[in-house]
Amino acid sequence: MNSKYRIKKSVDTILTDIEGTTTSISFVKDVLFPYIRLNLESYLNENFDRKQCQEDLKFLIDQSKSDFKSLGNQVPLISSDFGNKKELIESAMVNIKWQMDNDRKARPLKQLQGHMWQFAYKNEIVKGHVYEDVVPAFERWISNGFKIYIYSSGSIEAQKLLFRVFLRSF
């Protein structure tokens, strides 16, 4: 390895980003986010009665109320009537798309996206992308005892899903 790129012995941690660093920006922009938009309605309908989806929706409802208080009526509120599945899902979809359009980094949004991507990766609907030099670099750093941390607004689960395919150590 070129000595220009050697890591000092006093360093024990590597901090990296995802978009544009380990993964193509277009993968996130052109694959992951469109997957959410295209599959949001079917995902919410098919998983509505599952505990995880109910928790995601409750978290999103609370976030929409909080956002409405601080940002006003530009925020699409989500119905909290779990007895009216159609209305709740329709209002949730409007809010989620609004958040995505506004590049919101809200935890409830990231949590739902992470759960949807988990399904997509597991069923091989989406396959991760990392640059070809990332896997050898990560493996080298791990074998040399470095801790690797990712700085990202995405959920930790979504990050693990992306890298799990490529790294046996993750």
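Please refer to the structure placed before this passage.
Cut-offs and rules
Residues numbered from 1 in each chain as written. Predicted model: local features only at pLDDT ≥ 70, side-chain atom pairs only at ≥ 80, totals over all residues. Heavy atoms only, no water. Helix = DSSP H or I, 4+ residues; strand = E, 2+ residues; numbered from the N terminus. Buried < 20%, exposed > 50% of the residue type's maximum accessible area, 1.4 Å probe, protein only. Contact = heavy atoms within 4.5 Å. Areas by Shrake-Rupley, 256 points an atom, 1.4 Å probe, with all protein chains shown as cover. Lys, Arg positive; Asp, Glu negative; His and termini not counted. Charge placed at Lys NZ, Arg CZ, Asp CG, Glu CD. Patch = residues over 30% accessible without salt bridge, like charges linked within 9 Å, V, L, I, M, F, W, Y side chains within 5 Å. Salt bridge = Lys/Arg side-chain N within 4 Å of Asp/Glu carboxyl O. Phe/Tyr/Trp six-rings, centres within 6.5 Å; stacked < 30°, edge-to-face > 60°. Lys NZ or Arg CZ within 6 Å of the ring centre and 35° of its normal. Axes fitted to C-alpha atoms, helices over the stretch in contact; angles between N-to-C directions. Parallel < 35°, antiparallel > 145°, perpendicular 65-115°, else oblique. Left-handed = near helix turned anticlockwise from the far one by under 90°. Nonpolar A, V, L, I, M, F, W, Y, C, P; charged D, E, K, R; others polar.

**Student:** Go over the overall build of the protein chain with me, naming the residues and quoting the values.
**Tutor:** Check the secondary structure of the protein chain and you find six helices and two strands. The N-to-C order of helical and strand elements in the protein chain reads β-α-α-α-α-α-β-α. With the C-alpha coordinates of the protein chain rotated into their principal frame, the extents come out at 60 × 35 × 25 Å. Within the protein chain, buried positions represent 41% of all 170 residues. Considering only contacts in the protein chain between residues 6 or more positions apart, those separated by 24 or more positions represent 71%. Total accessible area on the protein chain stands at roughly 10400 Å², and carbon and sulfur atoms take up 50% of it. Averaging the locations of the 25 positively and 21 negatively charged side chains of the protein chain gives two centres separated by 7 Å.

**Student:** Explain a nonpolar patch on the surface residue by residue, including any values.
**Tutor:** Taken together, the side chains of Leu15, Tyr149 and Tyr151 define a hydrophobic patch exposed on the protein surface, amounting to about 400 Å² of accessible area. Relative to the helices and strands, Tyr149 resides in strand 2 (residues 147-150).

**Student:** Help me get a handle on the pattern of salt bridges, residues and values and all.
**Tutor:** As enumerated under the stated definition, the model contains eight salt bridges in all. Across the pair Lys51 and Glu55 runs a salt bridge whose closest N-O atoms are separated by 3.9 Å. Highlighted residues: Lys51 and Glu55, both in helix 2 (residues 51-71), separated by four residues, approximately one helical turn. As a salt-bridge pair, Lys127 and Glu124 come within 3.8 Å of each other at their nearest N and O atoms. Residue classification places Lys127 among the exposed positions, given a relative accessible area of 56%. Take Glu124: its relative accessible area is 57%, and that puts it in the exposed class.

**Student:** Break down the environment of Val126 for me, citing the residues and quoting the values.
**Tutor:** Relative to the elements of secondary structure, Val126 occurs in the loop between helix 4 (107-122) and helix 5 (134-143). For Val126, a relative accessible area of 5% puts it in the buried group. On a C-alpha basis, the gap between Val126 and Leu32 in space is 7.8 Å, while along the polypeptide they are 94 residues apart. Other than its neighbours up to four places away in sequence, Val126 contacts Phe27, Val31, Leu32, Tyr35, Ala120 and Tyr121.

**Student:** Just give me the short version of the packing of aromatic side chains, but keep the residues and values in it.
**Tutor:** All chains considered together, the criterion is met by three aromatic pairs. When the ring centre of Phe82 is taken as origin, the NZ or CZ atom of Lys58, which lies over that ring, is 5.8 Å away.

**Student:** Can you tell me about the packing of helix 2 against helix 4, naming the residues and giving the values?
**Tutor:** With their axes 8 Å apart at the nearest point, helix 2 and helix 4 run at an angle of 155° to one another. Taken as axis vectors, helix 2 and helix 4 run roughly antiparallel relative to one another. Once helix 2 is placed against helix 4, the crossing between them reads as left-handed. Here Gln52, Asp56, Phe59, Leu60 and Gln63 of helix 2 come into contact with helix 4, specifically with Arg107, Pro108, Leu109, Gln111, Leu112, His115 and Gln118. Broken down by class, the residue content of the contact of helix 2 with helix 4 amounts to five nonpolar, five polar and two charged.

**Student:** Account for unusual backbone geometry, with residues named and values stated.
**Tutor:** One non-glycine residue with positive phi stands out, namely Asp103, at about 50°. Looking at the element boundaries, Asp103 is found in the loop between helix 3 (85-101) and helix 4. With a phi angle near 55°, Glu124 is a residue other than glycine that sits in the positive phi range. For Glu124, the position within the fold is in the loop between helix 4 and helix 5.

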